[in-house]
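Structural overview for review
If you want the building blocks of each chain, they are given just below.
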Amino acid sequence: ITLALSKEQFKKTLGSLRDIMSLDYVVKQLKAISIFSEMELKNEEYELLAKLSVIVSFETNDIITEAGKPGERALYFVRSGEIQVSDEEDGYVNIFRSGDHLGDKALGEENVICCQTIEVLEPTRCVMLTRENIKRV
């Protein structure tokens, strides 16, 4: 059986193709993270988490979190661009690019004081999912 829909019918019934693909991307990213796979979520719950996420954009040299200051309790999936995470105490630097995620360790903590600085190296787009939205599911 073949089903044919006009562009308008498709969008009215299913939403935009871009939204569907973005939702699918976030669901796949979430399933790959151990804290979510350990929760044994149903597909509907993964989809709800994906719908609760937002796209955020950062410019070169933006500081997302700074060591020693309260931080955002959120998970970030890098869609495009480059982010540097540096830990002056331990002396290491990690670079995150498209397909990488960061922030999962801070999700379980209350009143997070960052021990790392997260700086944007080039214009970057991320999918962000906050701890509060995760708790809703």
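Preceding block: the structure.
Throughout what follows, the structure given in this document is the object of discussion. (Residues numbered from 1 in each chain as written. Predicted model: local features only at pLDDT ≥ 70, side-chain atom pairs only at ≥ 80, totals over all residues. Heavy atoms only, no water.)

**Observations regarding the overall build of the protein**
Here is the rule: Helix numbering and strand numbering both begin at the N terminus, where a helix is a DSSP run of H or I of at least 4 residues and a strand a DSSP run of E of at least 2. Throughout, exposure labels follow a simple rule: accessible area from a 1.4 Å probe, protein chains only, divided by the maximum for the residue type, with under 20% read as buried, over 50% as exposed, and the rest as partly exposed. The contact criterion used throughout is that any non-hydrogen atoms of two residues lie within 4.5 Å. The accessible surface values rely on the Shrake-Rupley method and a 1.4 Å probe; as for residues, cover is taken only from the protein chains in view.
Counting its regular elements, the protein contains five helices and six strands. Secondary structure of the protein in N-to-C order comes out as α-α-α-α-β-β-β-β-β-β-α. Burial status across the protein gives 36% buried among its 137 residues. Within the protein, residue pairs in contact and separated by at least 24 positions form 74% of the contacts whose partners lie at least 6 positions apart. Carbon and sulfur atoms make up 49% of the accessible area of the protein, which totals about 9,000 Å².

**Considering the pattern of salt bridges**
Spelled out, the test is: A pairing counts as a salt bridge when a side-chain nitrogen of Lys or Arg comes within 4 Å of a carboxyl oxygen of Asp or Glu.
By the definition in use, this model includes four salt bridges. Measuring nitrogen to oxygen at the nearest pair gives 3.5 Å for the salt bridge that ties K69 to E66. What makes E66 partly exposed here is its relative accessible area of 37%. The residue R73 makes a salt bridge to E132 at a minimum N-O spacing of 3.3 Å. Taken together, the residues span a long stretch of sequence, with R73 in the loop between β2 (63–65) and β3 (74–87) and E132 in helix α5 (residues 131–136) at a distance of 59 residues.

**Observations regarding the environment of E72**
Following the sequence through the fold, E72 ends up in the loop between β2 and β3. Owing to a relative accessible area of 39%, E72 belongs among the partly exposed residues under this scheme. Linking E72 and T130, residues 58 residues apart in sequence, is a C-alpha distance of 7.9 Å.

Interpretation in functional terms is not warranted from these geometric data alone.
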